[in-house]
Number of protein chains: 4
Amino acid sequence: MIIAGHIAGQIERGERAVGSRLPSELELSNMWQVARMTVRRAIRELTERGLVRAVHGKGTFVTESRGEASGR
Amino acid sequence: MIIAGHIAGQIERGERAVGSRLPSELELSNMWQVARMTVRRAIRELTERGLVRAVHGKGTFVTESRGEASGR
Amino acid sequence: MIIAGHIAGQIERGERAVGSRLPSELELSNMWQVARMTVRRAIRELTERGLVRAVHGKGTFVTESRGEASGR
Amino acid sequence: MIIAGHIAGQIERGERAVGSRLPSELELSNMWQVARMTVRRAIRELTERGLVRAVHGKGTFVTESRGEASGR
DNA sequence: GTGGTCTAGACCACT
DNA sequence: GTGGTCTAGACCACT
């Protein structure tokens, strides 16, 4: 997914700080001009890679960069 | 709802006496670490099942256990 | 609730046809200048009165006018 | 009321800007160590004097200083 | 000081 | 792109 790769790159380059909130689903779907489901799939991809964590009612947050959490 | 089921179980097992007051919405939201509106949804569920009754300005009270109200 | 009463009136006067879709929650919240949760409370009222039915992912539809459903 | 007079003084001296939000009822009751009802009566006093406007779910806002709005 | 209503806005589940 | 749930926190009404 292009969107997931783009955001992953931002996180890995440190352009999105650990702990910071991603734009909301609605904002991302407007920014990329895609449907909500497409945004959600991208975020799910990032979640599975351990880069972000979605918190119901609050937002989606950067958890780390370059998979620091697992196996270290 | 997990919270509603938990409290319903306490009432049905007699751990919460008929006529006793539940913790306030604020206390429950702190105990369960959820927003107050989520607590209110759980209490609404219990109210509809006839287990508790909320009284404005006073609190929420256990009305019965195991559906004693109807047909007695 | 004023909003619920207003929409109920439209349905009862036949201004909203049976089977037609209500404006979405987002549209209604813009139209009435209230939060979406307030719109949802109004729709919940209408649902309990049997006037509309909300279908997840599709919309909220007028089911009848003047309580035609029961006793027919 | 001492609290109302204190806040009115702040507004009239410009220490609370027009459009700014007052501390919430809970914050004010903690600050002054009084019950919520006492705070509400003070705010009601300020509302009747036209200094603030309470907006449900949002907060209480300074509308003006020295009664500029009416009859000017 | 409790329950009741509302705001603004997030993610979730579904079609 | 809709309805469903949740967060955080405000004022309102009541006892």
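Structure shown above.
These numbers come from a predicted model, not from an experiment.

## Topic: helix H1 (residues 2-12) of chain C
Each α-helix winds once per 3.6 residues, and so residues spaced three or four apart point in a common direction.
Residue and element names in this part refer to chain C.
Thinking step 1. Taken residue by residue, H1 has Ile3, Ala4, Ile7, Ala8, Gly9, Gln10 and Ile11 as its buried positions.
Thinking step 2. Residues of H1 that are buried sit in contact with helix H2 (25-32), helix H3 (36-48), strand S1 (52-55) and strand S2 (59-62).
Thinking step 3. Immediately downstream of H1, the backbone of Gly14 shows phi near 80°, a positive value.

## Some thoughts on the protein's contact with DNA strand F
Thinking step 1. Looking at DNA strand F, there are 40 residues lining it, with Lys58 of chain A, Thr38 and His56 of chain B, Arg36 of chain C together with Arg40 of chain D nearest.
Thinking step 2. Residue Ala35 of chain B places a main-chain N or O atom 2.9 Å away from a phosphate oxygen belonging to DNA strand F.
Thinking step 3. Put simply, the parts of the chain that give the surface near DNA strand F at least two residues each are helix H3 (36-48) of chain A, helix H3 (36-48) of chain B, H3, S1 and S2 of chain C together with helix H3 (36-48), strand S1 (52-55) and strand S2 (59-62) of chain D.
Thinking step 4. The dominant element in the surface near DNA strand F, judged by the number of residues it contributes, is H3 of chain B, at 4 residues.
Thinking step 5. Among the residues forming the surface near DNA strand F, the class breakdown is 11 nonpolar, 15 polar and 14 charged.

## Re the protein's contact with DNA strand E
Thinking step 1. Within the structure, DNA strand E sits among 40 residues, and Arg40 of chain A, Arg36 of chain B, Thr38 and His56 of chain C together with Lys58 of chain D are positioned closest to it.
Thinking step 2. Close to the protein, within 4 Å, the atoms of DNA strand E are drawn from sugar and phosphate at a rate of 63%.
Thinking step 3. His56 of chain A is positioned such that a nitrogen or oxygen atom in its side chain is 3.3 Å from a base oxygen of DNA strand E.
Thinking step 4. Contributions of two or more residues to the surface near DNA strand E are made by H3, strand S1 (52-55) and strand S2 (59-62) of chain A, H3, strand S1 (52-55) and strand S2 (59-62) of chain B, H3 of chain C together with H3 of chain D.

## Considerations on the pattern of salt bridges
Thinking step 1. Enumeration according to the criterion identifies 23 salt bridges over all chains in this entry.
Thinking step 2. Here Glu25 of chain A makes a salt bridge to Arg36 of chain A, at a shortest N to O gap of 3.5 Å. Pair noted here: Glu25 of chain A is in helix H2 (residues 25-32) and Arg36 of chain A is in helix H3, with a separation of 11 residues, a long-range link.
Thinking step 3. Note that Glu48 of chain B and Arg44 of chain B form a salt bridge whose closest N and O atoms lie 3.3 Å from each other.

## Re the packing of helix H1 (residues 2-12) of chain B against H3 of chain B
Residue and element names in this part refer to chain B.
Thinking step 1. Where H1 meets H3, the axes come as close as 8 Å, and the angle between the chain directions of the two elements is 50°. Taken together, the axes of H1 and H3 lie oblique to each other. Relative to H3, the crossing made by H1 is right-handed. Contact with H1, carried on its side by Ile3, Ala4, Ile7 and Ala8, involves Ala42, Glu45 and Leu46 of H3 and no other residues of that element.
Thinking step 2. For the contact of H1 with H3, the residue count by class is 6 nonpolar, no polar and 1 charged.

## Remarks on the side chain of Thr60 of chain D
Thinking step 1. With respect to the helices and strands, Thr60 of chain D occurs in strand S2.
Thinking step 2. Taking the relative accessible area as the measure of exposure, Thr60 of chain D reaches 13% and is therefore buried.

## Side note on the side chain of Glu25 of chain C
Residue and element names in this part refer to chain C.
Thinking step 1. Given the relative accessible area of 16%, Glu25 is considered buried.
Thinking step 2. Polar side-chain contacts of Glu25 include one of 2.7 Å to the side chain of Arg40.
Thinking step 3. Beyond its immediate sequence surroundings of up to four residues, Glu25 is in contact with Arg36, Val39, Arg40 and Ile43.

## Concerning the environment of Thr47 of chain B
All names here are of chain B.
Thinking step 1. Within the element layout of this structure, Thr47 appears in helix H3.
Thinking step 2. Judged by relative accessible area, which is 36%, Thr47 ranks as partly exposed.
Thinking step 3. As for Thr47 and Leu26, which are separated by 21 residues in sequence, their C-alpha atoms are 18 Å apart.

How each quantity is defined
- Residues numbered from 1 in each chain as written.
- Chains lettered and ligands numbered in written order.
- Predicted model: local features only at pLDDT ≥ 70, side-chain atom pairs only at ≥ 80, totals over all residues.
- Heavy atoms only, no water.
- Buried < 20%, exposed > 50% of the residue type's maximum accessible area, 1.4 Å probe, protein only.
- Helix = DSSP H or I, 4+ residues; strand = E, 2+ residues; numbered from the N terminus.
- Contact = heavy atoms within 4.5 Å.
- Near = heavy atom within 4 Å.
- Polar contact = N/O pair within 3.5 Å; in protein donor to acceptor, adjacent residues only side chain to side chain.
- Nonpolar A, V, L, I, M, F, W, Y, C, P; charged D, E, K, R; others polar.
- Salt bridge = Lys/Arg side-chain N within 4 Å of Asp/Glu carboxyl O.
- Axes fitted to C-alpha atoms, helices over the stretch in contact; angles between N-to-C directions.
- Parallel < 35°, antiparallel > 145°, perpendicular 65-115°, else oblique.
- Left-handed = near helix turned anticlockwise from the far one by under 90°.

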